[in-house]
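Here are the chains, one letter per residue:
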Amino acid sequence: MVDAKVITAQLKAIGADNHFWCRPERRELHKILVDGEVINHLVNGRYEGGFAILCLTDRRLLLVDKKPLYLTIEDVRYDMIAEVDFNHRLIDASVNINTLNKSLKFTSFNNDGLRSLTTYLQNRVMEIRQHINVFQTSKQTQPVSSDEDGVSQLHYRVTNPYTKVPLMMRRRVSRFYS
């Protein structure tokens, strides 16, 4: 557990220190975060279950929804995220975050905050994927093929370490296709 004063200082550093909106969710953050975890972005808005906060740390994405009789916490690691879509309209903006087994749609009136959150999320997912690619290519010996131009290409298969499913799935062409 992280001290509440540390979380308050982190929220002030990122400019999300408004204490009126989503106060119960912000109080819940000190129970969720682990030592050394830093909050990078925090946006309040709504999702299919009601009003909540979407919080990005240096390690994971958190959706926290605290109501009087229940608490919902969704913890999504960056390497589990398959797709991030951002939509901006006149009044509000929304982000769709898809993983292999679930989809999260979050809408907020803070368009700029949600846009910067989405940009950070996309950059972080790409960093994690490039790190996995580099780690797996250096760890395994991969077959190397060369084109007719003499350019050698490295073939590798990247899998998600939690599910052992390829990160980029492509549709296969049927052998009966003409």
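Located above this text is the structure these notes cover.
Residues numbered from 1 in each chain as written. Predicted model: local features only at pLDDT ≥ 70, side-chain atom pairs only at ≥ 80, totals over all residues. Heavy atoms only, no water.

Visitor: Would you mind showing me how to read helix 2 (residues 23-32) here?
Guide: Among all positions of helix 2, only Glu 25, Arg 26, Glu 28, Leu 29 and Ile 32 are buried. For helix 2, the angular spread of buried residues about the axis comes to 160°, placing them on one side. (Buried < 20%, exposed > 50% of the residue type's maximum accessible area, 1.4 Å probe, protein only. Helix = DSSP H or I, 4+ residues; strand = E, 2+ residues; numbered from the N terminus. Arc of directions from axis to C-beta.)

Visitor: Is there a simple way to think about the environment of Asn 111 in this case?
Guide: For Asn 111, the position within the fold is in helix 3 (residues 111-139). For Asn 111, a relative accessible area of 13% corresponds to the buried category. Sequence separation between Asn 111 and Asn 87 is 24 residues, and the spatial gap between their C-alpha atoms is 9.5 Å. At 3.1 Å, the side chain of Asn 111 and the backbone nitrogen of Ala 93 are in polar contact. (Polar contact = N/O pair within 3.5 Å; in protein donor to acceptor, adjacent residues only side chain to side chain.)

Visitor: Before we go on, may I ask you to explain the pairing of strand 1 (residues 39-47) in this structure?
Guide: One face of the sheet, then the other: side chains in a regular strand alternate in exactly this way. Taken together, the eight bridges between strand 1 and strand 2 (residues 50-57) define a ladder with antiparallel strand orientation. If you follow Val 43 over to strand 2, its bridge partner there is Leu 54. (Pairing = 2+ DSSP bridges.)

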